[in-house]
Amino acid sequence: MKRLSILLLALTLSSTASARDSFKVCWSIYAGWMPWAYGVEQGIVQKWADKYDIDIEVVQFNDYIESINQYTVGEFDACSITNMDTLTIPAAGGVDNTVLIINDFSNGNDGIVLKDKTSLADIKGQKVNLVELSVSHYFLARALETVGLSERDIQVVNTSDADMVAVYGTPEVTAVATWNPPLGEILSMPGANQVFDSSQIPGEILDMLVVKTEVLEKSPELGKALTGAWFELMEIMQAKDATAKAAKTFMAQAAGTDLAGYEAQLATTAMFYTPEAALKFTNSPDLRTTMQKVAEFSFEHGLLGEGAPDAGFIGIETPAGIYGDRNNIKLRFNPAWLQMAVDGDL
């Protein structure tokens, strides 16, 4: 009996020792995030997870905001999300977030479309369908500034990104602010005219991979695995060979388009294909300036929480300095893992 107890104890200890830490990552359909689909299908994420003896589950959502909500309430450890939405949803909700990778910035991938009108000024007095209080809302506000208008001159209609194409096809919808792939589908419809796009505010709409800070502190190997997998995918995509074509074809199909359509989306997405490019952008003082603009917009719209006294209520840490309350930092642009990638230390 004693010998059996010792054997059972040994088996228990062995099982415990071999158990791997598990992590969950969520993402949604967007040109700059489609590589995750290919990375899962080709086992690239699995390969990097195995390298660091961890498990990583990557889950696709059809509804972008729902993916963020699930991340915020603790169902996921990491999420593909924009800079503003990270600030106004998880950070404003008290979650401490670290930006692991800035994947790209929208350089025409977000647009404002009017039906049967050709000038942005024609938007005055119209209802505009968009994902309310998301980065599209910020994008709309910045666009209105360029023609001397404000949100008082329009009416926002909250619409899920998953429903945007369908609602644009209805007679009562005359204006939308959205991103690709829905944007491309809408622009192919009769009477659709794009009157403003994100290339007119370059570097402000950032698409990122964000991880809960406490998770990265406990398990920095997750950061290494995700960063390593991502830039392996970027290396595949930017190559001019059959593998790159096959990879982008797969991503296109996963996004509901063809290769030509996906290439068109990539043309309006300023992808950071190398860790060096991503690191340079992250370290730039322009990042702090952009995040200040985003924080000010968010405060003006009541998105930083009921108790927020000013735009700096939530501290935002960048390599160029902190904007806001250094005692309440909830959004951190930490270039440590990018630097490891640049140095070949992953």
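Notes on the structure follow.

Reading the values: rules and limits
Residues numbered from 1 in each chain as written. Predicted model: local features only at pLDDT ≥ 70, side-chain atom pairs only at ≥ 80, totals over all residues. Heavy atoms only, no water. Axes fitted to C-alpha atoms, helices over the stretch in contact; angles between N-to-C directions. Helix = DSSP H or I, 4+ residues; strand = E, 2+ residues; numbered from the N terminus. Parallel < 35°, antiparallel > 145°, perpendicular 65-115°, else oblique. Contact = heavy atoms within 4.5 Å. Nonpolar A, V, L, I, M, F, W, Y, C, P; charged D, E, K, R; others polar. Phe/Tyr/Trp six-rings, centres within 6.5 Å; stacked < 30°, edge-to-face > 60°. Buried < 20%, exposed > 50% of the residue type's maximum accessible area, 1.4 Å probe, protein only. Lys NZ or Arg CZ within 6 Å of the ring centre and 35° of its normal. Polar contact = N/O pair within 3.5 Å; in protein donor to acceptor, adjacent residues only side chain to side chain. Salt bridge = Lys/Arg side-chain N within 4 Å of Asp/Glu carboxyl O. Pairing = 2+ DSSP bridges.

**A few points about the packing of helix α11 (residues 242-254) against helix α12 (residues 259-267)**
Piece 1. Running from amino to carboxyl end, α11 crosses α12 at an angle of 90°, the nearest separation of the two axes being 8 Å. By the angle between their axes, α11 is roughly perpendicular relative to α12. Between α11 and α12, the contacting residues are K245, K248, T249, M251 and A252 on the first element and L259, Y262, E263 and L266 on the second.
Piece 2. For the contact of α11 with α12, the residue count by class is five nonpolar, one polar and three charged.

**Regarding the packing of aromatic side chains**
Piece 1. A complete count under the given rule lists 11 aromatic pairs for this structure.
Piece 2. For the ring pair F105 and F281, a centre distance of 5.8 Å and an interplane angle of 25° mean the geometry is stacked. One end of the pair, F105, is in strand β4 (residues 97-106); the other, F281, is in helix α13 (residues 275-283), with 176 residues separating them in the sequence.
Piece 3. Taking the relative accessible area as the measure of exposure, F105 reaches 14% and is therefore buried.
Piece 4. Ring pairing ties together the aromatic residues Y30, W33, Y64 and W179, which thus form one cluster.
Piece 5. The aromatic ring of Y168 is capped on one face by K115, whose charged end is 4.6 Å from the ring centroid.
Piece 6. Residue placement shows K212 over the ring face of Y71; its charged tip is 3.7 Å from the ring centre.

**Re the environment of E57**
Piece 1. Among the secondary structure elements, E57 is positioned in strand β2 (residues 54-61).
Piece 2. Note on E57: relative accessible area 44%, which makes it partly exposed.
Piece 3. Taking the C-alpha atoms as reference points, E57 and A143, separated by 86 residues in sequence, lie 38 Å from one another.
Piece 4. Ignoring sequence-local partners within four residues, the contact set of E57 consists of F23, K24 and V25.

**Side note on the side chain of T98**
Piece 1. Of note, T98 is situated in strand β4.
Piece 2. Within the local environment of T98, its side chain forms a polar contact with the side chain of T213, the two groups lying 2.8 Å apart.
Piece 3. Apart from residues no more than four positions distant in its own chain, T98 is found in contact with L209, V210, V211, T213, L216, R332 and N334.

**Quick notes on the side chain of K212**
Piece 1. Secondary-structure assignment places K212 in strand β10 (residues 206-212).
Piece 2. The residues touching K212, leaving out its near neighbours within four places in the chain, are Y71, G74, F76, D77, V95 and D96.

**Some details on the pattern of salt bridges**
Should their charged atoms come close, side chains of opposite charge can pair.
Piece 1. Under the defined criterion, the tally for this structure stands at 10 salt bridges.
Piece 2. Taking the shortest distance from any N to any O, the salt bridge between R20 and D50 comes out at 2.8 Å. Linking R20 in the loop between α1 (2-18) and β1 (21-28) with D50 in helix α3 (residues 44-51), this pair joins segments that are 30 residues apart in sequence.
Piece 3. Close ionic contact of K47 with E232 constitutes a salt bridge, the shortest N to O distance being 2.7 Å. Of this pair, K47 sits in helix α3 while E232 sits in helix α10 (residues 220-238), and the two are 185 residues apart along the sequence.
Piece 4. The exposure class assigned to K47 is partly exposed, which follows from its relative accessible area of 44%.
Piece 5. If you follow the salt bridges from partner to partner, you end up with R20, D50, D53 and D55 in one network.

**Let's talk about the pairing of strand β3 (residues 78-82)**
Piece 1. Among the five residues of β3, five are classified as buried, and the element is accordingly described as predominantly covered.
Piece 2. The sheet contact formed by β1 and β3 spans two bridges and is parallel. Bridge assignment links V25 to a residue of β3, and that residue is A78.
Piece 3. In terms of strand pairing, β3 meets β10 through five bridges, oriented antiparallel. Directly across from I81, in β10, lies its bridge partner M208.

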